[in-house]
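Each chain is listed here by its residues.
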Amino acid sequence: MGNIASFPSDFTWGAATSSYQIEGAWDEDGKGESIWDRFSHTPGNVKNGDTGDVACDHYHLWRQDVTLMKELGLQAYRFSIAWPRLLPEGRRPVNDDGIAFYERLVDRLLENEIEPYVTLYHWDLPQALQDDGGWAARATAEAFVEYADVVSRVLGDRVKYWATLNEPFVSAVIGHLWGVHAPGHEDMGETIAAAHHLLLGHGWAVPVIRRNVPKGQVGIVLNPSPQHPASPSYADRAAAWQADGFLNRWYLDPLTARGYPADVVQKLDQPMDVVHAGDMEAIAAPLDFLGVNYYTRGVVRDEKVPAEENELQTLFPGDEKTEMDWEVYPEGLYEILCRIHFDYDFPALYVTENGAAYPDEINPDGTVDDPQRLSYFKRHLVQTARAIQAGVPLHGYFAWSLLDNFEWAEGYSKRFGLIYVDFETQQRIPKASARWYSRVIESNAVPE
Ligand code: FCB
């Protein structure tokens, strides 16, 4: 059988997770409370009342999980550090037991020749900082720098790849405008402040990490996605451009020294007094890489135009959706990678997350077949290879996720793992897609 795509010889293959979604041990060994502990413990916020209290119990099963990574042949592992495990109050003093956990994990990864890619903030803010205003408060950006300093001093001799934030759009908008993620607020002023302070904390942290890790590669992870108009009408095209501004350009532009996009600022019509002199320069600190998390595109319709006058022309091919109800649109990955490269020109790009939720079941013989997930990965990898051929400096791909885990407001109802997790017994079963992914890694190519 031939291959339908192949990759450069130095391409990096990995899988990703995040601390709150897998670790559990929410109050062990001196860990402080996070906003996700508080949010999930508050009834009504998470489907079925699920919490991350135990999750995949990775805090205790990490050795076995690294062994599974090795068996899959992973070359890299992207994970995040739980800020309140290290700094229970958000700022010093440091909880040494928390640090020791990540030191052991990193050491074990390196012993197995798996490159650690650390994300400092994947949404589990210390509750103590939330009590003082959270990301809506400028002081949280300062606390983030303190945290970044502590972590990069300890792990900087072993960890080369550092991402400051995961998806600041989601922290700011889903957490502060839609109220669906922690801290569960619905306030546009707070949303703009939170987005700004996230970016500011990022920008301030970059030189600190560079100082502590002179040979490090420092970047940030965003969730950019093409926003297509539902029809060619002017109204829908304008609405799609606006959605693009709110989701994509609000982050990409300031990171590349273009400031906040003027059309979005005007549209939002909010005071921008959270922006102080010097902030935009700090946010534009040069980066080594941008991480791209991609799941789907957006199809945007101007709600003011009556549907009968505005026929939907952007079709969902086969109306194929994942269990998240997200359209399967692999070409969108090619499109967004090319656009980011040709419009913004970061030195390197990574696909830091890509994957799909489907309802998996264990077969009588104990295996798990997930042909839809396998097909999702396959088609997205073909688009990834196409982007590289088009000249995009894409250096690696991380499947989301290593393990089935706590999918935020959806709790355990959505499974994204290459590895099935039985949340009653904590048994792990690599799915068919995991075995297929091993072959991709081994051959550095996508088989037919
Ligand atoms: C991304 C998150 C990740 C996971 C996937 C499905 O937005 O970064 O934690 O929940 O979506």
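Provided above is the structure to which this section pertains.
Calculation rules
- Residues numbered from 1 in each chain as written.
- Predicted model: local features only at pLDDT ≥ 70, side-chain atom pairs only at ≥ 80, totals over all residues.
- Heavy atoms only, no water.
- Helix = DSSP H or I, 4+ residues; strand = E, 2+ residues; numbered from the N terminus.
- Buried < 20%, exposed > 50% of the residue type's maximum accessible area, 1.4 Å probe, protein only.
- Contact = heavy atoms within 4.5 Å.
- Areas by Shrake-Rupley, 256 points an atom, 1.4 Å probe, with all protein chains shown as cover.
- Lys, Arg positive; Asp, Glu negative; His and termini not counted.
- Charge placed at Lys NZ, Arg CZ, Asp CG, Glu CD.
- Polar contact = N/O pair within 3.5 Å; in protein donor to acceptor, adjacent residues only side chain to side chain.
- Expected span 1.5 Å × (residues − 1).
- Arc of directions from axis to C-beta.
- Near = heavy atom within 4 Å.
- Nonpolar A, V, L, I, M, F, W, Y, C, P; charged D, E, K, R; others polar.
- Salt bridge = Lys/Arg side-chain N within 4 Å of Asp/Glu carboxyl O.
- Pairing = 2+ DSSP bridges.
- Axes fitted to C-alpha atoms, helices over the stretch in contact; angles between N-to-C directions.
- 1 Å grid on protein atoms, 1.4 Å probe; cavity = no way out; pocket = protein on both sides within 12 Å on 5 of 7 lines; lining within 4 Å.
- Points joined across faces, edges and corners; volume = space filled by probe spheres on them.
- Parallel < 35°, antiparallel > 145°, perpendicular 65-115°, else oblique.
- Left-handed = near helix turned anticlockwise from the far one by under 90°.

A.B. asks: Help me understand the overall build of the protein chain, please; the structure alone is not making it clear to me.
C.D. replies: Looking only at helices and strands, the protein chain features 15 helices and 14 strands. Counting over 448 residues, the protein chain shows a buried share of 62%. Restricting the contact set of the protein chain to residue pairs at least 6 apart, pairs at least 24 apart contribute 77%. Within the structure as shown, the protein chain displays about 17000 Å² of accessible surface, and the carbon and sulfur contribution to it stands at 50%. Of note, the protein chain has its 37 positive side-chain charges centred 4 Å away from the centre of its 67 negative side-chain charges.

A.B. asks: Just checking my understanding: could you explain the environment of proline 168 for this structure?
C.D. replies: If you trace the backbone, proline 168 turns up in helix H8 (residues 168-176). Residue proline 168 is classed as buried on the basis of its relative accessible area, which comes to 0%. Each C-alpha atom, one on proline 168 and one on aspartate 236, is 26 Å from the other, the two residues being 68 residues apart in sequence.

A.B. asks: How should the side chain of arginine 415 be read in this particular structure?
C.D. replies: Relative to the helices and strands, arginine 415 resides in the loop between strand S11 (394-400) and strand S12 (419-422). Reaching out from arginine 415, the side chain makes a polar contact with the side chain of aspartate 404 at a distance of 2.6 Å. Within polar-contact distance, the side chain of arginine 415 engages the side chain of tyrosine 420 at 3.5 Å. In contact with arginine 415, not counting residues within four places along its chain, are Ala356, Ala357, Tyr358, Asp360, Arg373, Asp404, Tyr420, Val421, Phe423 and Lys431.

A.B. asks: Whenever I open this one, helix H5 (residues 96-111) confuses me. Can you help?
C.D. replies: Helix length check: H5 (16 residues) gives 22 Å between terminal C-alpha atoms against 22 Å at 1.5 Å per residue, within 8%. Those residues of H5 that sit buried are Gly98, Ile99, Phe101, Tyr102, Leu105, Val106 and Leu109. Each buried residue of H5 sits inside an arc of 155° when the element is viewed along its axis, so together they form one side. Opposite the packed face of H5, turned more than 90 degrees from it, sit the exposed residues Asp96 and Glu111. On its buried face, H5 sits against helix H1 (19-22), helix H3 (58-72), strand S3 (76-80), helix H4 (83-86), strand S4 (115-121) and helix H7 (138-155).

A.B. asks: Sorry if this is basic, but what is going on with the site of the ligand here?
C.D. replies: Every residue lining the ligand is accounted for by Gln21, His122, Trp123, Asn166, Glu167, Asn293, Tyr295, Glu353, Trp400, Glu407, Trp408 and Phe416. Glutamate 167 places a polar side-chain atom, nitrogen or oxygen, 2.6 Å from an oxygen atom of the ligand. Within the side chain of glutamate 353, one N or O atom sits 3.0 Å away from an oxygen atom of the ligand. Here the residues of the shell around the ligand are counted per class, giving 5 nonpolar, 4 polar and 3 charged.

A.B. asks: Explanation requested: the pattern of salt bridges in the structure shown.
C.D. replies: A pair can form between side chains of opposite charge whenever their charged atoms are brought close. The tally for this structure, following the rule as stated, stands at 30 salt bridges. Aspartate 149 is the partner of arginine 92 in a salt bridge, and the nearest nitrogen-oxygen pair spans 3.4 Å. Of this pair, arginine 92 sits in the loop between H4 and H5 while aspartate 149 sits in helix H7, placing them 57 residues apart in sequence. Exposure remark for aspartate 149: the relative accessible area of 10% places this residue in the buried category. Between arginine 158 and glutamate 103 there is a salt bridge, and its shortest N-O distance comes to 2.7 Å. Of this pair, arginine 158 sits in the loop between H7 and strand S5 (161-166) while glutamate 103 sits in helix H5, placing them 55 residues apart in sequence.

A.B. asks: Before we go on, may I ask you to explain the environment of alanine 163 in this structure?
C.D. replies: You can see alanine 163 is positioned in strand S5. Judged by relative accessible area, alanine 163 falls into the buried class, the value being 4%. Distance from alanine 163 to arginine 297, taken between C-alpha atoms, is 24 Å for residues 134 residues apart in sequence. Contacts of alanine 163, omitting those with residues within four sequence positions, involve Val118, Thr119, Leu120, Gly219, Ile220, Val221 and Phe289.

A.B. asks: Honestly, the sheet that holds strand S8 (residues 289-293) in this entry has me stumped. Any pointers?
C.D. replies: Strand pairing in a sheet is mediated by backbone hydrogen bonds. Such pairs are either parallel or antiparallel. With parallel pairing, the 8 strands of this closed barrel are ordered in space as S2-S3-S4-S5-S6-S8-S10-S11. The mean inter-strand angle of the sheet, taken between neighbouring strand axes irrespective of direction, is 25°. As paired strands, S5 and strand S6 (residues 217-222) are joined by 4 bridges and run parallel to one another. Each residue of the ladder has a partner; that of tryptophan 162, found in S6, is valine 218. Of the strands in this sheet, strand S2 (12-16) and S11 touch helix H14 (residues 371-389), which is tilted by about 165° from S11.

A.B. asks: Help me out: how do you make sense of the pairing of S3 in this one?
C.D. replies: Two faces, one strand: in a regular strand the side chains alternate between the faces of the sheet. Taking burial as the measure, the 5 residues of S3 include 5 buried ones, the bulk of the element. Side chains of S3 alternate between two faces, with Ala76, Arg78 and Ser80 and Tyr77 and Phe79 buried alike. Relative to S3, S2 runs parallel, the two being bridged by 3 bridges. Of the residues in S3, the one forming a bridge with glycine 14 is alanine 76. The pairing of S3 with S4 spans 5 bridges and is parallel. What sits directly across from alanine 76, in S4, is glutamate 115.

A.B. asks: What is the right way to read empty space enclosed by the protein from this model?
C.D. replies: It is a probe the size of a water molecule, rolled over the atoms, that shows where empty space is left. Evaluation of the coordinates by the stated rule reveals 6 cavities of 30 Å³ or more. Lining the largest cavity, in full, are Ile35, Trp36, Tyr121, Trp123, Trp135, Val170, Ser171, His176, His181, Ala182 and Pro183. Secondary-structure elements contributing two or more residues to the lining of the largest cavity are helix H2 (35-40) and H8. With 3 residues, H8 is the single largest residue contributor to the lining of the largest cavity. In terms of residue class, the lining of the largest cavity is made up of 8 nonpolar, 3 polar and no charged.

A.B. asks: Sorry, what's going on with the packing of helix H13 (residues 331-344) against H14 here?
C.D. replies: Helix-helix packing is characterised by the crossing angle of the two axes and by the distance between the axes. With their axes 8 Å apart at the nearest point, H13 and H14 run at an angle of 25° to one another. Classified by the angle their axes make, H13 and H14 are roughly parallel. Our pair here, H13 against H14, has a crossing hand that is right-handed. Each of Glu331, Leu333, Tyr334 and Leu337 in H13 lies in contact with H14, whose residues at this interface are His380, Gln383, Thr384, Arg386 and Ala387. Taken together, the residues that form the contact of H13 with H14 break down as 4 nonpolar, 3 polar and 2 charged.

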